[in-house]
Amino acid sequence: MEKGMKLKVRKELDGRQQSNIIKLKGSLISKGYTEIIHILDQDEEFHINSFDIESGTDSEVREFITAFIAREQLEDSISIFS
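Reference entry: report on the structure contained in this document. On a predicted model such as this, the values are computed, not experimentally measured, just so you know. (Residues numbered from 1 in each chain as written. Predicted model: local features only at pLDDT ≥ 70, side-chain atom pairs only at ≥ 80, totals over all residues. Heavy atoms only, no water.)

**Considering the pairing of strand β2 (residues 38-41)**
Link 1 in the chain: Here β2 pairs with strand β3 (residues 46-54) via four bridges, running antiparallel. For His 38, the partnering residue across the bridge sits in β3 and is Ser 50.
Link 2 in the chain: Two successive antiparallel strands, β2 and β3, enclose a turn made up of four residues. (Pairing = 2+ DSSP bridges. Helix = DSSP H or I, 4+ residues; strand = E, 2+ residues; numbered from the N terminus.)

**With respect to the packing of aromatic side chains**
Here the distance between the centres and the angle between the planes together describe a pair of aromatic rings.
Link 1 in the chain: Inspection of the entire model under this criterion finds two aromatic pairs.
Link 2 in the chain: Judged by centre distance (5.7 Å) and plane angle (50 degrees), the ring pair of Tyr 33 and Phe 64 falls under tilted. Taken together, the positions of Tyr 33 in the loop between α1 (15-30) and β2 and Phe 64 in helix α2 (residues 58-71) put the pair 31 residues apart, joining distant regions of the chain. Accessibility classification places Tyr 33 together with Phe 64 in one group, the buried group.
Link 3 in the chain: Here Phe 64 and Phe 68 contribute two aromatic rings whose centre-to-centre distance is 6.4 Å and whose plane-to-plane angle is 40 degrees, an arrangement assigned as tilted. With Phe 64 and Phe 68 both in helix α2 and four residues apart, this pair spans about one turn of that helix. (Phe/Tyr/Trp six-rings, centres within 6.5 Å; stacked < 30°, edge-to-face > 60°. Buried < 20%, exposed > 50% of the residue type's maximum accessible area, 1.4 Å probe, protein only.)

**Quick look at α2**
Link 1 in the chain: Between its first and last C-alpha, α2 extends 20 Å over 14 residues, near the 20 Å set by a 1.5 Å rise per residue.
Link 2 in the chain: If you check which residues of α2 are buried, you get Asp 58, Val 61, Phe 64, Ile 65, Phe 68 and Ile 69. The buried residues of α2 occupy one face: seen down the axis, they fall within an arc of 135 degrees. Turned more than 90 degrees away from the buried face of α2, the exposed residues are Glu 63 and Arg 71.
Link 3 in the chain: Tucked inside the fold, the buried residues of α2 contact β1 (2-10), α1, β3 and β4 (78-81). (Expected span 1.5 Å × (residues − 1). Arc of directions from axis to C-beta. Contact = heavy atoms within 4.5 Å.)

**Digging into the side chain of Thr 34**
Link 1 in the chain: Tracing the backbone shows Thr 34 in the loop between α1 and β2.
Link 2 in the chain: The exposure class of Thr 34 is buried, given its relative accessible area of 7%.
Link 3 in the chain: Looking at Thr 34, its side chain comes within polar contact range of the main-chain oxygen of Ile 36, at 3.3 Å.
Link 4 in the chain: If sequence neighbours within four positions are ignored, Thr 34 has contacts with Leu 28, Ile 29, Phe 51 and Asp 52. (Polar contact = N/O pair within 3.5 Å; in protein donor to acceptor, adjacent residues only side chain to side chain.)

**What to know about the nonpolar core**
Link 1 in the chain: Core analysis: the largest hydrophobic core is formed by 18 residues, its most contacted members being Leu 7, Leu 24, Leu 28, Phe 51, Val 61, Ile 65 and Ile 78.
Link 2 in the chain: Mapped by element, the contributors of at least two residues to this core are β1, α1, β3 and α2.
Link 3 in the chain: Per-element accounting of this core gives the leading share, five residues, to α2.
Link 4 in the chain: Leaving out residues up to four positions away in the same chain, Leu 24 has contacts with Leu 7, Phe 64, Ile 65, Phe 68 and Ile 78. (Core = buried A, V, L, I, M, F, W, Y, C linked by side-chain atoms within 4.5 Å.)

Set out below in structure tokens:
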């Protein structure tokens with residue numbers, strides 16, 4: 001069974017932020033957490049990136065994303081969307 005997860009991503013990003021967010025998404029795919037990430041507009045400031053993960057991996061994926069955001073100082077650019 002799969003579970004959905006969403007990320008809220010700011011539209012206005014500098015080059016470093018864009019590169020790091022692309023790295024995060026690539027890492028989610030290359031680590032096998034998901035196969036595809038869907039991008040939708042939320043409003044004029046944010047995109048919502050949604051993807052499915054395997055049931056039971058929720059906390060592992062959240063920890064990976066949270067650590068990546070902290071390490072790359074992306075707290076103002078991307079967050080897990082509830």
